[in-house]
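Notes for the structure review
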Amino acid sequence: MAEFKHSLQLSLISFILLASIAAHVTSARDIHNHSHDKSSHIIFSQNLLGTRKSHNIEGIHDVKTYLKRYGYLTHIGSQPGAFDDDLESALKTYQKFFNLNVTGILDKETLSLMSQPRCGVPDIFQIFSTTRRSISTWEGFKDPVRKALILWSAYSHFGFTEAGRDELDDIKISFERGAHGDRHPFVPGTGVLAHAFAPTDGRFHLNVDQKWSVGAQEGYYDVQSVALHEIGHLLGLAHSKTKEAIMWPVIPTNFVKGLYYDDIAGLEALYGFPYFQH
């Protein structure tokens, strides 16, 4: 099985979050060749304007090819002309990356940007296992993890800042698959979303083979809610018997959860710190 890691290293000071994505080595010659590739400039037909999921028209295959080339889509599928779920998801990721309205529809602004000349290097680098399942990158998940850390900071004297490569760090957050060196492998079919280790270990691992989302989405797990739970473990909290608490050990898909009084009381009992009352 190929080894990979998308990681974030933090020290407990004041919080600035930056993600460190697994390195992709590209030579200057590769970049030069990509940047001058004629296929980096495609003029999309105006017939595509307003196209959305369930449509099947000429030109959709070109859109899929474009999004696949730049890292937003992992495969084109058996129906290259169909506007399917995968294309809608890829298009939303593209729109979010370029700060467009995230509609999942080929609107005028999106088509215009996609038709402009651009560098041929992908925006998102996908890494694949032997099953060809793509690994989630930090690109879409930095903000929810940031918010989870900030929320815990608001109720404690802890803060978080990025640790450089040569600096000591207290926390490491990463996406992992299968056996990943901590004697607690993610075994397919067990339903394990993530795990974290109590102080002073500081490791927090998300199972890359689960379906992750930002916010509530049918069939997906909210990254911020899971991060809130696992950061609680990083701070030393055990599971709660209170179902409303973030430290309750179970969370369904399509569900967003925040801190509860039981979580805050646990942190106060553990450290004796007063917390800021909102």
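What you see is a predicted model; the values in this text were computed from it and never measured. Along every chain, residues carry numbers that run from 1 in the direction the sequence is written. Reporting in this predicted model follows two pLDDT cut-offs: at least 70 for local features of residues, and 80 or more for side-chain atom pairs to be given and counted; totals over whole chains, interfaces and linings ignore these cut-offs and use all residues. Note that water and hydrogens are dropped before the side-chain values are worked out from all heavy atoms of the structure.

Side note on the side chain of Thr110
The condition that has to hold: Where helices and strands are cited, they refer to DSSP runs of H or I of at least four residues and of E of at least two residues respectively, numbered from the N terminus. Two residues qualify as a contact provided that any one of their heavy atoms is within 4.5 Å of a heavy atom in the partner residue.
With respect to the element layout, Thr110 can be found in helix 4 (residues 108-114). Residue contacts for Thr110: discarding those within four places in its chain leaves Leu91, Tyr94, Gln95, Leu100 and Ile105.

Quick look at the confidence of the model for the chain
We apply this condition: Per-residue confidence from the predictor is reported as pLDDT, which spans 0 to 100.
Residues of the chain with pLDDT of at least 70 account for 75%, and the chain-wide mean is 75. Ranking the elements of the chain by mean pLDDT puts helix 1 (residues 28-35) last with 32 and helix 6 (residues 223-234) first with 93. Of the regions scoring below 50 in pLDDT, residues 1-7 engages in 26 contacts with residues more than four places distant in sequence or in other chains. Note that pLDDT drops below 50 for residues 11-41; the model gives that stretch 71 contacts with residues more than four away or on any other chain.

Things to note about the nonpolar core
Note the threshold: Side-chain atoms within 4.5 Å are what join buried Ala, Val, Leu, Ile, Met, Phe, Trp, Tyr and Cys residues into a set we call a nonpolar core. Here the term buried applies to any residue with accessible area under 20% of the maximum for its type, exposed to any over 50%, and partly exposed to those in between, with areas from a 1.4 Å probe on protein chains only.
Counting residues in hydrophobic clusters, the biggest one holds 30 residues, and the most contacted among them are Trp152, Phe204, Leu206, Trp212, Val226 and Ile231. No other element matches helix 6, which puts six residues into this core. Discounting residues that sit within four places of it in the chain, Ile231 has contacts with Ala148, Leu149, Trp152 and Phe204. In terms of nonpolar packing, the next biggest core, distinct from the first, is built from 19 residues, Ile60, Tyr66, Leu67 and Tyr72 among them.

Structural notes on unusual backbone geometry
Of note, the bond from Pro199 into Thr200 is cis; its omega dihedral lies within 30 degrees of zero at 10°. Of note, Thr200 is situated in the loop between strand 4 (194-196) and strand 5 (203-207). Look at Asn99: it is not a glycine, yet its phi comes out positive at around 60°. Looking at where Asn99 falls in the secondary structure, it is placed in the loop between helix 3 (85-97) and helix 4. Residue Arg183 is not a glycine yet carries a positive backbone phi of 65°. For Arg183, the position within the fold is in the loop between strand 3 (171-176) and strand 4. In this structure Arg183 comes out as exposed when scored by relative accessible area, which is 82%.

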